[in-house]
Amino acid sequence: MAQGGVQLDRETFSCFICLDLLKDPVTIPCGHSYCMKCIKHHWDGELIHSCPQCRQSFTPRPVLLKSTMLAALVEELKKTGLQAAPADLCYAGAEDVACDVCTGRKLRACKSCLMCVASYCDKHLQCHNELHVLKNHKLVEPSKKLQENICSRHDEVMKMFCRTDQQSICYLCSVDKHKGHDTVSAAAERTERQRELEGSRLNIQQRIQDREKEVKLLQQEVEAVNGSADKAVEDSEKTFTELIRLMEKRSFDVKQQVRSQQKREVSRVRELQEKLEQEMAELKRRDAELKLLSLTEDHNQFLHSYPSLPALSEATHSSSINIRPLSYFEDVTAALSAVRDKLQDVLREEWTNVSLPEVEVLLSAAEPTTRAGFLKYSQEITLDPNTAYTQLLLSEGSRKATLMGQEQSYSSHPDRFTNCVQVLSRESLTGRCYWEVEWRGREVDVAVAYKNISRAGSGGECAFGRNDKSWSLECKQNSYSFRYNNINTPVSGPQSSRVGVYLDHRAGILSFYSVSETMTLLHRVQTTFTQPLHAGFWPYGYGTTAEFCKLK
């Protein structure tokens, strides 16, 4: 019981502000007592002087006089062994939020009050919560940013939010600088933003799950790629070894043939050369005889000797001299060059196919983030007249479809849509593709579909987005919606007469964008495409048009 009495005395004679025993105690008009230094420090700089415990205000500032009776009691209690301060108090460190009520060495705050814009230690928080008018105040974890909740203009707590200027304001701001703006309470704005935040979190969590699935698929793909690549390297080494051996054999054969032909032709040329040299020697001898005879001055001797000259032997015909070997070997070189060029062409053309799987894996990694990035995959698309509903007029090189009031002169064809005002592209779409659609009128469905989508019937089996063979973005004057397998999903985004469509067939990604000065994602599909896709339109209302834009 004695110990309990000491504890009571300690609490009774402690200053509410510093939590230490009263020093130079003073009692203010409401009856609460404080250290003179603590209450003076608390009131300095304040416009309204109030009691830290009961919040009663005093005007003017009370004159503080030392309470000699309280001072004497405190001194007597000190002599009985009363400690100056409890030993288990937790003082605030450099990284802690300090109690705003404590003076001197401050205790660590355990809560912050958004309404009072102050932080409290356990002791002062208890006093805060005991006051009825403060019980409904919003308490949060200790924060060093409480002053950010005070309006710098009016020194009031900012309890409102201006949606026009997107900033927190106080009540005085709402009737002053922000008068006429769209303002709500901060709590209401927080509720709405919290709802948006939760939606964003759900979207992020869904995307995380999608990415986790994709990571597993990519890991499986890595293993498959590694296995396939190892086998391809092994097979390629065998193939190139066989090719090298074949080329070495062909090289040896050609060398042997050339050398053999060279030997034959050189022998023939040498034989002709010797024959010509013999003929030249004979001709030179006859020429010397004729020269000597021509110098004879005796006419009778000249005439006697001239008839006895032997006749010239028959000259070697020029056709015997054939330069065919040179031409022949040039033909060999030309033939080998032609073979080389053909091999290079084959390797160049086929090498793209050999490298394609690796390129495809790398390109499936990420979707472009800019229009310039998308345009790298732009695809020129035209409409197939054989699929067009009979009231659709195709123009601009079969890139544009217009819904007319009368039927067009189309021949009967099994690919034609008979009950849905639709048309598909000639081109099948695989890999990574991007195209843009410009539309005018009441409403247009921008879609992709498998080629085997039904072309007849009144049910959803042939209408874009009403089955599992097509995906459709419904574009209206003031809204968008996405439809697949007859499930309609509202889509938000800026209105535009141009829609961009991005397809990564292998990755199973289909994205629709609103295209203006910037690109805004409207909706993205993550799935598995089992067949090539075809782009398509469904215009609503006579005169409505949809056109594939020229992007190159």
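Look a little higher up for the structure.
Remember, predicted model here, so these are calculated numbers, not experimental data. (Residues numbered from 1 in each chain as written. Predicted model: local features only at pLDDT ≥ 70, side-chain atom pairs only at ≥ 80, totals over all residues. Heavy atoms only, no water.)

A. Region of the structure containing the nonpolar core. Within the largest apolar cluster, 49 residues are counted, with the highest numbers of intra-cluster contacts made by W435, F464, W471, L510, F512, F537 and F548. Broken down by element, the residue count for this core peaks at six residues, all from strand β15 (residues 443-450). Contact partners of W471, with chain neighbours within four places excluded, come to V446, A447, V448, Y450, F482, R483, Y484, L510, V525, F529 and L533. Formed by 32 residues, the second largest nonpolar core is a distinct cluster that contains L19, I28, W43 and F58. (Core = buried A, V, L, I, M, F, W, Y, C linked by side-chain atoms within 4.5 Å. Buried < 20%, exposed > 50% of the residue type's maximum accessible area, 1.4 Å probe, protein only. Helix = DSSP H or I, 4+ residues; strand = E, 2+ residues; numbered from the N terminus. Contact = heavy atoms within 4.5 Å.)

B. Fine view of empty space enclosed by the protein. Tallied over the full model, the rule gives one cavity of 30 Å³ or more. Approximately 40 Å³ is the volume attributed to the largest cavity. Along its surface, the largest cavity is lined by F16, P52, Q53, R55, V101, Y120, H124, C127, H128, L131 and L134. With three residues, helix α4 (residues 122-130) is the single largest residue contributor to the lining of the largest cavity. Counted by class, the lining of the largest cavity contains seven nonpolar, three polar and one charged residues. (1 Å grid on protein atoms, 1.4 Å probe; cavity = no way out; pocket = protein on both sides within 12 Å on 5 of 7 lines; lining within 4 Å. Points joined across faces, edges and corners; volume = space filled by probe spheres on them. Nonpolar A, V, L, I, M, F, W, Y, C, P; charged D, E, K, R; others polar.)

C. Summary view of the side chain of H137. One can find H137 in the loop between α4 and β7 (139-140). Look past the residues within four positions of H137 in its chain and what remains in contact with it is C113, M115, C116 and H128.

D. Region of interest: unusual backbone geometry. Here the bond from T59 into P60 is cis, since omega is 0 degrees, no more than 30 degrees from zero. Relative to the elements of secondary structure, P60 occurs in the loop between β4 (57-58) and α3 (68-79). Positive phi, normally seen in glycine, also occurs at E396, with a value near 50 degrees. Tracing the sequence through the fold places E396 in the loop between β11 (392-395) and β12 (400-403).

E. Structural detail: the pattern of salt bridges. Summed over the entire model, instances satisfying the criterion amount to 28 salt bridges. The partner of D235 in a salt bridge is K231, and the shortest N-O contact between them spans 2.9 Å. Remark: K231 and D235 occur in helix α6 (residues 186-294); sequence separation between them is four residues, near one turn of the helix. The class for D235 is partly exposed, based on a relative accessible area of 31%. Residue classification places K231 among the exposed residues on the basis of a relative accessible area of 51%. Residue R498 pairs with E436 through a salt bridge whose shortest N-O separation is 3.0 Å. Of this pair, R498 sits in strand β19 (residues 498-504) while E436 is found in strand β14 (residues 432-440), placing the two residues 62 residues apart along the sequence. R498 gets classed as partly exposed once you look at its relative accessible area, which sits at 24%. According to the relative accessible area criterion, E436 is buried, its value standing at 0%. Each of R371, E436, E438, R440 and R498 takes part in one network of salt bridges that share partners. (Salt bridge = Lys/Arg side-chain N within 4 Å of Asp/Glu carboxyl O.)

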